[in-house]
Amino acid sequence: MHSADDLWNLYEEWKRLTHAEGAAIHASDWAEVRRCQNAKKQLQPKIIRLSESAKAECLTNADNEKLECQIRSYVNQLIILETQNNSILQNRLQHLADERSEVDRTTARLRKVHKSYTPNRGAVWDRYS
């Protein structure tokens, strides 16, 4: 089953890209995250095509069931990795939102301090009367 071997290679490539994507999320390297996601998007039609070819190459129902079981195993592993990346991403986004809120609070405090220590200026024309 030549197609099945190629299919496993594509699943391994997806796995490699998912690990790279997770590392990029940790590093806040959003360009790399985008690159990994685009690469995985390009793998999807190839995986579908090779899955169909591999199924067509199965000579018996037992071969077909074995292939289906292997596909499910790979897909389940990938789902776990994708779920972990999603969790990492959600945590990263929450951390950034918390940082943003802290910066906003600090900015508001600085405005109050500035307002407290800056003399209140009257209208310009009042000074020339």
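Presented here is a report on the structure given in the accompanying data block.

Before going further, it helps to examine the packing of helix α1 (residues 2-26) against helix α2 (residues 30-57). The interhelical angle for the contact between α1 and α2, taken along N-to-C directions, is 165 degrees, at an axis separation of 9 Å. The angle between the axes of α1 and α2 places the two elements in the roughly antiparallel class. Pair α1 / α2 crosses with left-handed handedness. Considering only residue class, the contact of α1 with α2 consists of 17 nonpolar, 7 polar and 8 charged.

Let us look at the packing of aromatic side chains. For the structure on display, the rule yields 3 aromatic pairs. Between Trp8 and Tyr11, the aromatic rings sit 6.3 Å apart at their centres with planes inclined by 20 degrees, giving stacked as the arrangement. Of this pair, Trp8 and Tyr11 both sit in helix α1, separated by 3 residues, roughly a single helical turn. Note on accessibility: Trp8 and Tyr11 belong to one class, buried. Look at Tyr11 and Tyr74: their rings are 5.2 Å apart centre to centre, the planes differ by 15 degrees, and that puts the pair in the stacked class. In this pair, Tyr11 is assigned in helix α1 and Tyr74 in helix α3 (residues 61-117), connecting sequence segments 63 residues apart. Site record: aromatic cluster; members linked through ring pairs are Trp8, Tyr11 and Tyr74.

So, on to the side chain of Glu21. Structurally, Glu21 is set in helix α1. Of note is the side chain of Glu21, whose polar atom sits 2.9 Å from the side chain of Gln37. When sequence neighbours within four positions are dropped, the list of residues in contact with Glu21 reads Val33, Cys36, Gln37, Lys40, Glu82 and Asn85.

Glancing now at the nonpolar core. Core analysis: the biggest nonpolar cluster contains 19 residues, and Leu7, Trp8, Tyr11, Leu43, Ile47, Leu67 and Ile71 have the highest contact counts within it. Top element by residues in this core is α1. It accounts for 7 residues. Excluding its chain neighbours within four sequence positions, the residues that come into contact with Leu43 are Leu10, Glu13, Trp14 and Leu17.

Reading the values: rules and limits
- Residues numbered from 1 in each chain as written.
- Predicted model: local features only at pLDDT ≥ 70, side-chain atom pairs only at ≥ 80, totals over all residues.
- Heavy atoms only, no water.
- Axes fitted to C-alpha atoms, helices over the stretch in contact; angles between N-to-C directions.
- Helix = DSSP H or I, 4+ residues; strand = E, 2+ residues; numbered from the N terminus.
- Parallel < 35°, antiparallel > 145°, perpendicular 65-115°, else oblique.
- Left-handed = near helix turned anticlockwise from the far one by under 90°.
- Nonpolar A, V, L, I, M, F, W, Y, C, P; charged D, E, K, R; others polar.
- Phe/Tyr/Trp six-rings, centres within 6.5 Å; stacked < 30°, edge-to-face > 60°.
- Buried < 20%, exposed > 50% of the residue type's maximum accessible area, 1.4 Å probe, protein only.
- Polar contact = N/O pair within 3.5 Å; in protein donor to acceptor, adjacent residues only side chain to side chain.
- Contact = heavy atoms within 4.5 Å.
- Core = buried A, V, L, I, M, F, W, Y, C linked by side-chain atoms within 4.5 Å.

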